[in-house]
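Okay, here's what each chain looks like letter by letter:
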Amino acid sequence: MRASLIQIAVDEGESVESRRRRVSSLVREQAGADLVVLPELWTTGAFAYEEFGTEAEPLEGPTYEAMAKAASDAGVWLHAGSIPERDPEGPLYNTSLVFSPSGDLVAAYRKIHRFGFDKGEAVLMGAGRELVTVRLPGTTVGVATCYDLRFPELFRGLVDAGAETLVVPAGWPERRRAHWTLLAQARAVENQAFVLACGTAGTHAGVPQAGHSIVVDPWGEVLAEAGAVEEVLTVDFDPAKVATTREQFPALKDRVLGLEPPHTF
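Residues numbered from 1 in each chain as written. Predicted model: local features only at pLDDT ≥ 70, side-chain atom pairs only at ≥ 80, totals over all residues. Heavy atoms only, no water.

## Notes on the pattern of salt bridges
This model, assessed by the stated rule, comprises 18 salt bridges. Note that Arg2 and Asp236 form a salt bridge whose closest N and O atoms lie 2.8 Å from each other. Residue Arg2 is located in strand 1 (residues 2-7), and its partner Asp236 is located in strand 14 (residues 231-236); the two are separated by 234 residues in the primary sequence. Of the charged contacts in the structure, one is a salt bridge between Lys111 and Glu121, with a shortest N-O distance of 3.1 Å. With Lys111 in the loop between strand 5 (105-110) and helix 4 (121-124) and Glu121 in helix 4, the pair connects residues that are 10 residues apart, well separated along the chain. Each member of the pair, Lys111 together with Glu121, is buried. Connected via shared salt-bridge partners are Glu14, Arg19, Arg22 and Glu230. (Salt bridge = Lys/Arg side-chain N within 4 Å of Asp/Glu carboxyl O. Helix = DSSP H or I, 4+ residues; strand = E, 2+ residues; numbered from the N terminus. Buried < 20%, exposed > 50% of the residue type's maximum accessible area, 1.4 Å probe, protein only.)

Written out as C-alpha cells, the structure is:
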C-alpha cells in the first residue's frame, strides 16, 4: 500500500481559497497512491483561533467540494485533514473528512479532545463523541486528530473497532516536536498498528509548526519522516504486517484492565 502525507505550509498572507486550490493540485499529483493524508485545520492554521469563526464552513462546503473532486480526479482515498465545521444547529467543530476514490464522503470525524486548557480550540469548538473507522481495501483506518494523540484510550477504542492503521492529521507546534515523535511511536507499539501522522509546516498565528510528518510500523520502527518544510512524504507499507505482528507477539490478547467495568468500593 502506498500512502502520501502532504505536509502543507500554512503561512500568513495566503488566502484560504488560494490554499484550497494549491492543496487540490497537490492531491491530484498523488495519483497512483492508495491513500493521501492532509494535516489538521490546513485551511486556517490550527493556532489561528480568531479565524475559526470567520472561515468556518458547513460540512458540505467549499473545502468538501474541492477535496471530493481532487480525490476523484486522482483516484485516491483521501483523508482531507480537518476543517472548522459550522453546525447550523450547534457549535463549531474540528472535523475531519475522508473521501473514497470516486469522491464520495465516507466518514466525518469530529475531534474529541480539544486543545487549549480553557482557551482557543477548547472553548471555541464543541467536542466530538464518536470513534470513527473506515474500511479501505487491505486495511481498516482509525481516525484521530492532533491532541487526541496524547490519549491512548481513544486509540485502544479504535483498535477494538478493528483499526489496523491509525491516521492522525495535526497542527503540532515545534516546541513539542519531541512529544510528537514519541507519541506516534508509542501509539504504534502499544496497539501493534501502523501510524500515519501528518503535520503542518510554516507558522500558524506566530506559532512555528513541527513538521516532521511520520510513518511508524507496528513494531515502532520509523519507516519515513519528513523534515520541517512543506513536502510530500510518500511511503510503501504492507498492511499484512499488523496481523503478523499481533500473531508473533500477541500482547493485545493479554489485556486485563479496561475490559470489564470498574468496581466502586
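## Quick word on the side chain of His113
With respect to the helices and strands, His113 occurs in the loop between strand 5 and helix 4. Classification of His113 by relative accessible area gives buried; the value is 17%. Within the local environment of His113, its side chain forms a polar contact with the side chain of Asp148, the two groups lying 2.7 Å apart. What His113 contacts, discounting residues up to four positions off in sequence, is Tyr147, Asp148, Phe151, Glu153 and Leu154. (Polar contact = N/O pair within 3.5 Å; in protein donor to acceptor, adjacent residues only side chain to side chain. Contact = heavy atoms within 4.5 Å.)

## Some words on the UniProt feature "domain: CN hydrolase" (unreviewed entry) in the protein
Feature annotation in UniProt places "domain: CN hydrolase" (unreviewed entry) on residues 1-239, given in this structure's numbering. The span residues 1-239 shows a helical share of 26% and a strand share of 29%, and its end C-alpha atoms are spaced 7 Å apart. (UniProt positions renumbered as here; feature names shortened; annotations may be inferred.)

## Quick notes on the sheet that holds strand 5
The 6 strands are arranged 5-4-3-2-1-14 in an open sheet whose pairing can be described as mixed. Unpaired on one side and paired on the other, strand 5 and strand 14 mark the two borders of the sheet. This sheet shows a mean twist of 25° between the axes of neighbouring strands, independent of strand direction. Relative to strand 4 (residues 92-99), strand 3 (residues 77-86) is paired through 7 bridges, and the arrangement is antiparallel. Note on strand 4: the bridge partner recorded for His79 is Val98. (Pairing = 2+ DSSP bridges. Axes fitted to C-alpha atoms, helices over the stretch in contact; angles between N-to-C directions.)

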